[in-house]
Structures are given as structure tokens and as C-alpha cells.
Number of protein chains: 2
Amino acid sequence: MTTSLGGSEMARTIRADVTARAAVLTQRGITPTLAVVTATDDESTAWYVRSIAGSASRTGIHCDTVALSPDAPTDTIHAALVELSNNPGVHGIILQTPLPDGTDLSVLRDAIAPEKDVDGANPVSLGRLMAGQPAFAPATAQAVIDLVEYHDIELKGRTAAVVGRSLVVGTPVAHMLVQRNATVTVCHRHTPDLAGTTRHADIVVVAVGVPGLISQEHIAQGSTVIDVGTTATDDGRLLGDVDADALIGHAGGLTPVPGGVGPVTTALLLANTVTAAERANIQDQFLTAKLIDSPVPA
Amino acid sequence: MTTSLGGSEMARTIRADVTARAAVLTQRGITPTLAVVTATDDESTAWYVRSIAGSASRTGIHCDTVALSPDAPTDTIHAALVELSNNPGVHGIILQTPLPDGTDLSVLRDAIAPEKDVDGANPVSLGRLMAGQPAFAPATAQAVIDLVEYHDIELKGRTAAVVGRSLVVGTPVAHMLVQRNATVTVCHRHTPDLAGTTRHADIVVVAVGVPGLISQEHIAQGSTVIDVGTTATDDGRLLGDVDADALIGHAGGLTPVPGGVGPVTTALLLANTVTAAERANIQDQFLTAKLIDSPVPA
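- Where an unreviewed UniProt entry is consulted, chain A appears under the name Bifunctional protein FolD, with the organism given as Gordonia rhizosphera NBRC 16068.
- A UniProt comment under Function (unreviewed entry) is attached to chain A, and it reads "Catalyzes the oxidation of 5,10-methylenetetrahydrofolate to 5,10-methenyltetrahydrofolate and then the hydrolysis of 5,10-methenyltetrahydrofolate to 10-formyltetrahydrofolate."
- Its UniProt record, at the heading Pathway (unreviewed entry), says of chain A: "One-carbon metabolism; tetrahydrofolate interconversion."

**Details of the UniProt feature "binding site: NADP(+)" (unreviewed entry) in chain A**
Residue and element names in this part refer to chain A.
Point 1. According to UniProt, the positions carrying the feature "binding site: NADP(+)" (unreviewed entry) are Gly164, Arg165, Ser166 and Thr230.
Point 2. Relative to the helices and strands, Gly164 is located in the loop between β5 (159-163) and α7 (170-179).
Point 3. Residue classification places Gly164 among the buried residues on the basis of a relative accessible area of 10%.
Point 4. Those residues in contact with Gly164 that sit more than four places away from it in its chain are Gly170, Val186, Cys187, Ala207 and Val208.
Point 5. The contacts of Thr230, once residues within four sequence positions are left out, are Leu238, Leu239 and Val257.

**Describing the environment of A:Val186**
Point 1. By the element assignment, A:Val186 lies in strand β6 (residues 183-187).
Point 2. Taking the relative accessible area as the measure of exposure, A:Val186 reaches 11% and is therefore buried.
Point 3. Along the sequence, A:Val186 and A:Arg50 sit 136 residues apart, while their C-alpha atoms lie 34 Å from each other.
Point 4. With sequence-adjacent residues up to four places away left out, A:Val186 is seen in contact with A:Val162, A:Gly164, A:Arg165, A:Ala174, B:Val178, B:Thr183 and B:Val184.

**Quick notes on the relation of the copies chain B and chain A**
Point 1. The transform that puts chain B on chain A rotates by 180° and translates by 0.0 Å along the axis, for an RMSD of 0.0 Å. What the superposition gives is, in effect, a two-fold axis relating one chain to the other.
Point 2. Both copies share a contact surface, since 100% of the interface residues of chain B are interface residues in chain A too.

**Digging into the environment of B:Glu83**
Point 1. Tracing the chain through its elements places B:Glu83 in helix α3 (residues 74-86).
Point 2. When the C-alpha atoms of B:Glu83 and B:Ile112 are compared, they prove to be 9.6 Å apart, with 29 residues separating the residues in sequence.

**With respect to the pairing of strand β4 (residues 92-95) of chain B**
Residue and element names in this part refer to chain B.
Point 1. Here β4 shows two buried faces, one formed by Gly92 and Ile94 and the other by Ile93 and Leu95.
Point 2. Bridge count for strand β2 (residues 33-38) against β4 is four bridges, and the pairing is parallel. Within the sheet, the bridge partner assigned to Val36 lies in β4 and is Ile94.

**Description of the packing of helix α1 (residues 8-27) of chain A against helix α2 (residues 43-59) of chain A**
Residues and elements named next belong to chain A.
Point 1. Taken N-terminus to C-terminus, the directions of α1 and α2 make an angle of 55°; their axes are 8 Å apart at the nearest point. Considering the angle they form, α1 stands oblique to α2. Of α2, the residues touching α1 (which contributes Arg15, Val18, Thr19 and Ala22) are Ser55, Arg58 and Thr59.
Point 2. Here the contact of α1 with α2 is composed, by residue class, of two nonpolar, three polar and two charged.

**Here we look at the nonpolar core**
Point 1. A:Leu34, A:Leu177, A:Val205, B:Leu34, B:Leu177 and B:Val205 are the most contacted members of the largest nonpolar core, which totals 114 residues.
Point 2. Ignoring sequence-local partners within four residues, the contact set of A:Leu34 consists of A:Ile52, A:Ile61, A:His62, A:Cys63, A:Asp64, A:Gly92, A:Ile93, A:Ile94, A:Val118, A:Leu270 and A:Thr273.
Point 3. In terms of nonpolar packing, the next biggest core, distinct from the first, is built from 17 residues, A:Val66, A:Leu68, A:Val90 and A:Leu99 among them.

**A few points about the pattern of salt bridges**
Point 1. Enumeration according to the criterion identifies 14 salt bridges over all chains in this entry.
Point 2. We note a salt bridge from B:Arg21 to B:Asp17, for which the minimum N-O separation is 3.1 Å. Here the residue B:Arg21 and the residue B:Asp17 both occupy positions in helix α1 (residues 8-27), the gap between them amounting to four residues, near one helical turn.
Point 3. The salt bridge involving B:Arg158 is made with B:Asp202; its shortest N-O contact spans 3.4 Å. Separated by 44 residues along the polypeptide, B:Arg158 in the loop between α6 (139-150) and β5 (159-163) and B:Asp202 in the loop between α8 (194-198) and β7 (203-206) bring together distant segments of the chain.
Point 4. Its relative accessible area of 27% is what places B:Arg158 among the partly exposed residues.
Point 5. For B:Asp202, a relative accessible area of 26% corresponds to the partly exposed category.
Point 6. Sharing partners across several salt bridges, the network here consists of A:Asp17, A:Arg21 and A:Glu278.

**As for the side chain of B:Thr275**
All names here are of chain B.
Point 1. Examined against the element boundaries, Thr275 turns out to sit in helix α10 (residues 261-293).
Point 2. Overall, Thr275 belongs to the buried group, its relative accessible area being 17%.
Point 3. Contact partners of Thr275, with chain neighbours within four places excluded, come to Arg21 and Phe136.

**Details of the sheet that holds strand β11 (residues 253-254) of chain A**
Point 1. The twelve strands are arranged β1(A)-β11(A)-β8(A)-β7(A)-β5(A)-β6(A)-β6(B)-β5(B)-β7(B)-β8(B)-β11(B)-β1(B) in an open sheet whose pairing can be described as mixed. Edge strands, defined here as strands with exactly one partner in the open sheet, are β1 (3-4) of chain A together with β1 (3-4) of chain B.
Point 2. Note: β1(A) against β11(A), two bridges, orientation parallel. What sits directly across from A:Ser4, in β11(A), is A:Leu254.

**Brief notes about the interface of chain B and chain A**
Point 1. Each partner contributes residues to the interface: chain B has 31 residues there, and chain A has 31 residues.
Point 2. Taken over both partners, the interface formed by chain B and chain A buries close to 2400 Å², and the fraction arising from carbon and sulfur atoms is 58%.
Point 3. Linking chain B with chain A are two salt bridges, by the criterion used here.
Point 4. Between B:Arg128 and A:Asp110 there is a salt bridge, and its shortest N-O distance comes to 3.6 Å.
Point 5. At the junction of chain B and chain A, the tally comes to 16 residue pairs in polar contact (both at pLDDT 80 or more).
Point 6. The set of elements that each furnish at least two residues to the side of chain B that touches chain A consists of α4 (105-110), α5 (123-130), α7 (170-179) and β6 (183-187) of chain B.
Point 7. Broken down by element, the side of chain B that touches chain A gets its largest block of residues, six residues, from α5(B).
Point 8. Considering only residue class, the side of chain B that touches chain A consists of twelve nonpolar, 14 polar and five charged.

**What about unusual backbone geometry?**
Point 1. The peptide bond linking A:Val257 to A:Pro258 adopts the cis configuration, its omega dihedral lying at 0°.
Point 2. Note on placement: A:Pro258 falls in the loop between β11 and α10 (261-293).
Point 3. The amide bond that connects B:Thr97 to the next residue, B:Pro98, takes the cis arrangement and shows omega of 0°.
Point 4. With respect to the helices and strands, the residue B:Pro98 is situated in the loop between β4 and α4.
Point 5. Phi at A:Asp152 is positive, roughly 55°, even though this residue is not glycine.
Point 6. Notably, B:Asn181 is not glycine yet its phi reads approximately 70°, a positive angle.
Point 7. Residue placement: B:Asn181 occurs in the loop between α7 and β6.
Point 8. B:Asn181 sits in the buried class, given a relative accessible area of 17%.

Rules and cut-offs
- Residues numbered from 1 in each chain as written.
- Chains lettered and ligands numbered in written order.
- Predicted model: local features only at pLDDT ≥ 70, side-chain atom pairs only at ≥ 80, totals over all residues.
- Heavy atoms only, no water.
- UniProt positions renumbered as here; feature names shortened; annotations may be inferred.
- Helix = DSSP H or I, 4+ residues; strand = E, 2+ residues; numbered from the N terminus.
- Buried < 20%, exposed > 50% of the residue type's maximum accessible area, 1.4 Å probe, protein only.
- Contact = heavy atoms within 4.5 Å.
- Least-squares fit on C-alpha atoms with pLDDT ≥ 70 in both.
- Pairing = 2+ DSSP bridges.
- Axes fitted to C-alpha atoms, helices over the stretch in contact; angles between N-to-C directions.
- Parallel < 35°, antiparallel > 145°, perpendicular 65-115°, else oblique.
- Nonpolar A, V, L, I, M, F, W, Y, C, P; charged D, E, K, R; others polar.
- Core = buried A, V, L, I, M, F, W, Y, C linked by side-chain atoms within 4.5 Å.
- Salt bridge = Lys/Arg side-chain N within 4 Å of Asp/Glu carboxyl O.
- Buried area = accessible area lost by both parts, 1.4 Å probe.
- Polar contact = N/O pair within 3.5 Å; in protein donor to acceptor, adjacent residues only side chain to side chain.

If you want it as C-alpha cells, here you go:
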């Protein structure tokens, strides 16, 4: 019996909370605003951005899509990110990949103000996350953790394998699992015996982008499998990294693709944007209070 | 046959290089300067700081010890770090633990300018390290990696276990091993079967601070063991986390304590300080060149 670890119900709960908090801000005259920067004519990216914008709008968040040319140089994208970082009317910033060939992603990530970095793209956010300081984690990584906890899967004292070591999923997920007292093995293309390694884990998180990479031989009976892979097919389907058919009846729990990590990720981007707007508002009130408290300068 | 993976020879090589580079800087009128901030009357800390200062002096680096009161509040320590960060005559800054009870370490780490953060204490340095951007790693973590590579121990495609998940050793070491294509398991106090886990690893790095924690049952025959533990005894000896007697003849290689990771760490702090001074000098030359190139302001 394999439990389907769906994310749609959890995403609805998050969005309801976001809607209520966005309404409070709007009443105070603040429109929580998310800016999404793109520089591609990739159709699936356009679809994804429209879906974020739609979700945002339904929860009371304004989504401002900054669509740059697919051949925009690094300088142009950088300038857009700096402007949005300095714009007090913008609370969250997402830099959407893919970016034009030759773009210096490292320079661009640095340009997203950490307090608006709702998808945890700036290395400063990652460092603060690792150090246990307040920071936005990459939304997909946070979605993995939140989804596991939502489904009451114990992490403390359990073993976990993370397949993939990207900066946006594998690396932060591994760290967040360790922080929650799991014993974590990070696997990747150079792992000598992938199936033998993942088969020792109570929880397996897969974030590689290779459809069907993980099959029954990789998973111990009863283990939990979180599939972060999303590969789009030409006929418009979305494929995970896990051969789900092979795991049904074998794994203890499995996230569906689509409908697992994905909807939670999108909901968290909105939640982070509202959090950023709330913090900016508190900061403003604090500064105003300080100004009122301060003696008039001579 | 167990190879002793000593660090003294490597440290000597690093110091010779540091000495040559420091001499070049001194000839240009720049004294490479390392500031060590302490706020404790702990005798072993005082001993360690004197040993760094001695090493620094022998390589041509000026070491400035800023000894604050053992009951200095966070504000005072913070102010010292900010001043050193802004002082163009200081190139490297180390904040030495232990700090007074109740100190907010998080606030202090943030106050060390990343370009002077020669012991990788600021989360910004950690984030940049994780993202593959130029940054100083925590010197102990870097020493583990450098010592392994110095002794020609292959990492790519090998399995490694890191015991301990501290921000200064376990966490960055694990990440740096993954970056070098090892498959890495992070273990800690909640690991259900420590010996069973470490026994699967080709390389075991131990950084816990519990003398004798790792014994023969934890290590597969022929594996490499890196002992980062240093617990000082009342009679002035230094104990590692590994029961060395039990591993001689069993492990393939083992770092001695003392004389393994420790001397490399100290040498790297000096190397990082010279690197920081060189970068500051290049930056100055660049700015000077820009000023000369620029038209005279109207």
C-alpha cells in the first residue's frame, strides 16, 4: 500500500493563509508585489510564469512580469534586478531560468536583494540558511521539507538519500534534512552504487531531471520517495525522475508528478512574497516610530 | 600498514610560499596584517593565539591580537570587528572562540567583512563557497580537503562519511567533498547506526570533539581516516576523536593528532591573510589606475 503524498491540499492551505495576510496588507495600502524576470521565448517557461501570475492574482498578490529579450546581455538583466531590488513597491523577486546563453548567473544571483529573494537564489540567502539565520530557502527545497512534514513523515533519526546536488534543490534539501536530524547521503552522477545507496534510505529525494531514473531496485520496501523531477514532454506531459508504476505497492509513500512538490513550491513563492511585504511594512513602521521618537535635530 | 597522514610537511610548504608572497608585499610597503579578536581568559585559547602570532611573525605577517575583556558584551565585540573590517591596514580577521556567555555569535559573524574573513566565519562566505564563488572556506575544513589531496587520496567516485555537522567543519567539509565528486553521508548524534554507516565509507572525516569516539568497528579495513578532533587534557595533551591505537594496522591512512589537520589549518589562515592582502593591493592599483584614467572632475 503506497500513500500518495500529494501537494495540492497543502498548497490550498498555504494559499488561503496568503490570501488572508495579503488582504491585511492591502487594507493598509500595501499591495504585496512579486516581480518575475524572464529573458527567454521558451514556451514552457511562459506557461509557468503565467501560472504563477494567475495564482498570485487569486491570492491578492500583484505579479509584475519583466520580460526581457531572449538575447538580453548580463548587464541588462543585472540592471533590471538592481532596479527591482531598490524599488520599495516590489517585495519579492524571481529570476526565471533558462537565461540567454553566456549569461553570468553568478553576477545576477548576487544582485537580488536578500530580503526580496523569495526563491533563495542569492548565495547570501543560502549561507544564512546554513547558519540558521533568517533567510528564504529555495522554494523547491522548502517545499520538499514542508511536504514531508505535512504528511507526518518522521525525519529525526531516519536515513535519507538526496539524489542530485544542485544549488537550488539537492544541496539545500540535504542541509535542511540534516538540520532536522536525519542522516543524509548526497548522491550524484559519480556515485558508484546508486541503487545500493538509496536502498539504505528511509527517505529518498530525487532532483535530477532524468525521467524514470529511480525504479524499484533503488527503493527499500516501505520507504518514502519524494520526486522533484519535472521533465516536459513534447506532447505537454510532465515526467518525474521516478518510475511511479514500478513503485506503487512497493514504496511506503510517493509524491505524484504533477501534483506533488510543484504546487507547494508555487504556493511557497507567494507565501514568501507576503512575508517579505510584511517585514518591509514592519520595518517602515519601525523607522517611522524611530523618527517620531527621535529628538528634532538641532 | 597504516600511512600516517601528517600535516607538518605540507604546512611548511604553505608557510614557505606565504613567506615569499609576504616579502613581495612588504617590499611594496604593504605589511600583511592579521587581526585576532579574543574575549576570554581561557589559557588554551591564549596559547593557540600566541602560536598563530608566532607563525605569522616568522612568515612576515603582522599579527594584531585584540584582547577584549572576558565579559565584553556583544556590542563591544561587534564594534571591534566593524572597526577592523573598515581598517585598510588589516587584511585578515579571526574571531576566536570561546566567547563570553550570552554573546550573539550570529551578529558577530555578520560583522566580519567577507574579503577579510580568512577563517570563513561569515555566512556570506559559506554561501559563496557553496555557490562556487570566490570565498574563504573555514580554514579547518579547507585543511581537511587540502591534506587529503596532498596525500593523493582520490575523492572522485569514492564514498565519504563526515561525522559532525558544525558550521565550521562538518557542514563545509561535506559540501567540499561532494563538489569533488565523492558520495557523502553526514552523520551526527542522531545517526541510528554510526559504525555501520562509517564502515561503508572509503574516507571518514571526524569532527566531533569526543576523544576515542571512532574505533576499529567504525572503519573498514584500508579506509582513510581524518581526525579533526582536538580535546585538550588537564595535563596538556591533545586528544583526537579517533582511537589511533586501535586503527594502526587496520586503517589505510590516519592523520596524527597533534600534527595532522592542525598545522595545515594554521598555515592556511596565514595563506588566506596574504591572499586577502594581495587582493586589496590589486584593488588599490585598479582604483588608482581608474582615477588616473578618469577625466578631472569639473
